[in-house]
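Chain residues, written in single-letter form:
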Amino acid sequence: MTTPFSFSLGATDGQARTGAITTSRGTIRTPAFMPVGTAGTVKAVQMRDVKATGADIILGNTYHLMLRPTAERVARFGGLHKFSTWEGPILTDSGGFQVMSLSAMRKLTEEGVSFQSHIDGSKHMLTPERSIEIQCLLGADIQMQLDECPPFPISEEASLESLELSVRWAKRSKAAFEEIAGRHQALYGIVQGSVFPDQRKRSAEALQEIGFPGYSVGGLAVGEGREAMFGVLDVTTPLLPKDKPRYLMGVGKPLDLVGAVERSIDMFDCVLPTRSGRHGQAWTWDGPLNLKNAQFVDDETPLDPASDCPASRDYTKGYLNHLFRAGEYLGPMLLSWHNLDFYQRLMAAMREAIAEGRFDQFAEEFRARHRERKG
Ligand SMILES: Nc1nc2cc3nc(NCCc4ccc(CCO)cc4)[nH]c3cc2c(=O)[nH]1
């Protein structure tokens, strides 16, 4: 582990930009989409196929892995890369968001958050220090501070209190990280402040005071809606250092990705391609398709003949329709694989458009073609 973490800017086109994040386990081409591998697996897709779609980095979750199989057991197996056979960079979320959205009996104090496991009811505590310890046991290349993701909507007062707690936890996370992490690993601060511009400014400035090699924009994709999310990005990304990666957490649909790249976001993660794939939803350049729909029963065309992904090229929509109607495992496997490939082809097309100075035209054409709803 010698190569230190670094980010280099490539082309810019308006606020959109390409770049490269160098890590000891490989380079991440940005703008990048990270497939979600919550419990050490990108659900229903083998890591070699995830790699073949073009993904440079995947996401893992502190919350899930600390509960099962525990971070200590993953460390005994040589870390999450060896355990899961994913050899490229891994980014891990710090657990706070998942505690609030999944666990029971949660109690949040200055010290951290205590909770009961959604799996077996066992009691656990996450503090900034313990979250960093877990992310280091997993061997994550890019780690997240422990933060509080406030619910939406939230009052201005409550949002400010939450933001201030996350800043204090950012300090503690960085101190713990500097104690035990390697030079090849990086810790991101997470900007909060809900939908309040002055609070987003306050959070961004406080985090830069502390100093991080990358910044996540948190507190979004929590039901605020696309326009409010873009509005927050409009006021937040200009406050962040241009020479450091910006990561928009939990986002999103294809139209969200295009709009966020337009607002100088470099990194994304979302469960949507895999979760919706497991339920029969295929994402395409023209928008989403529900392959269980009767219209596909006799459809002899593949999802995308132009793709080199077998799931997109070698199977008819009629076959996929059959697999889902029959409840066959291969359905969720193929559609998760196709959706991840589509997301990577969208990211590659955006990187290319930015490099060629035609991102505006790309975004306009994509928005005209990609119909999220029929009609
Ligand atoms: N540490 C940290 N992690 C986060 C993860 C997030 N993930 C989201 N949104 C995900 C929303 C999301 C959930 C489910 C689906 C699939 C629907 O079929 C898509 C998006 N917002 C998020 C905010 C934070 C945050 O502030 N801090």
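The model shown is predicted, which means the values in this text are computed figures rather than measured ones. (Residues numbered from 1 in each chain as written. Predicted model: local features only at pLDDT ≥ 70, side-chain atom pairs only at ≥ 80, totals over all residues. Heavy atoms only, no water.)

Draft legend 1. Summary view of the pattern of salt bridges. In the structure shown here, the tally under the stated rule is 22 salt bridges. Across the pair Arg17 and Asp266 runs a salt bridge, and its minimum N-O distance is 2.7 Å. Taken as a pair, Arg17 in strand E2 (residues 16-23) and Asp266 in the loop between helix H10 (254-261) and strand E14 (267-270) lie far apart in primary sequence, 249 residues in all. Arg17 gets classed as buried once you look at its relative accessible area, which sits at 4%. Its relative accessible area of 0% is what places Asp266 among the buried residues. For Arg345, the salt bridge identified is with Asp304, shortest N-O distance 2.5 Å. With Arg345 in helix H14 (residues 330-355) and Asp304 in the loop between strand E16 (287-290) and helix H12 (310-313), this residue pair connects regions lying 41 residues apart in the sequence. For the pair Arg345 and Asp304, one class covers both residues: buried. (Salt bridge = Lys/Arg side-chain N within 4 Å of Asp/Glu carboxyl O. Helix = DSSP H or I, 4+ residues; strand = E, 2+ residues; numbered from the N terminus. Buried < 20%, exposed > 50% of the residue type's maximum accessible area, 1.4 Å probe, protein only.)

Draft legend 2. A look at the side chain of Asp341. Looking at the element boundaries, Asp341 is found in helix H14. Within polar-contact distance, the side chain of Asp341 engages the side chain of Arg345 at 2.5 Å. The contact partners of Asp341, leaving out residues within four places of it in the chain, are Thr53, Ser307, Asp308, Cys309 and Ser312. (Polar contact = N/O pair within 3.5 Å; in protein donor to acceptor, adjacent residues only side chain to side chain. Contact = heavy atoms within 4.5 Å.)

Draft legend 3. Examining the pairing of strand E3 (residues 26-30) more closely. Where E2 lies against E3, 5 bridges are found, and the strand directions are antiparallel. Among the inter-strand pairings, Ala20 is bridged to a residue of E3, identified as Arg29. The turn joining E2 and E3, which pair antiparallel and follow one another in sequence, is formed by 2 residues. (Pairing = 2+ DSSP bridges.)

Draft legend 4. Spatial organisation of the site of the ligand. Every one of the 17 residues lining the ligand counts as a neighbour, but Asp93, Asp147, Gly219, Leu220 and Ala221 are closest to it. Gly219 places a polar main-chain atom, nitrogen or oxygen, 2.8 Å from an oxygen atom of the ligand. Take Leu220: an N or O atom from its main chain is 2.8 Å from a nitrogen atom of the ligand. Its free accessible area being 590 Å², the ligand has 76% of it covered by the protein chains. A class-by-class count of the residues in the shell around the ligand yields 9 nonpolar, 5 polar and 3 charged. (Near = heavy atom within 4 Å. Areas by Shrake-Rupley, 256 points an atom, 1.4 Å probe, with all protein chains shown as cover. Nonpolar A, V, L, I, M, F, W, Y, C, P; charged D, E, K, R; others polar.)

Draft legend 5. Quick look at a negative patch on the surface. Side chains of Glu156, Glu157, Glu161 and Asp198 sit close together on the surface and give a patch of like negative charge. Per-element accounting of the negative patch gives the leading share, 3 residues, to helix H7 (residues 156-180). (Patch = residues over 30% accessible without salt bridge, like charges linked within 9 Å, V, L, I, M, F, W, Y side chains within 5 Å. Lys, Arg positive; Asp, Glu negative; His and termini not counted. Charge placed at Lys NZ, Arg CZ, Asp CG, Glu CD.)

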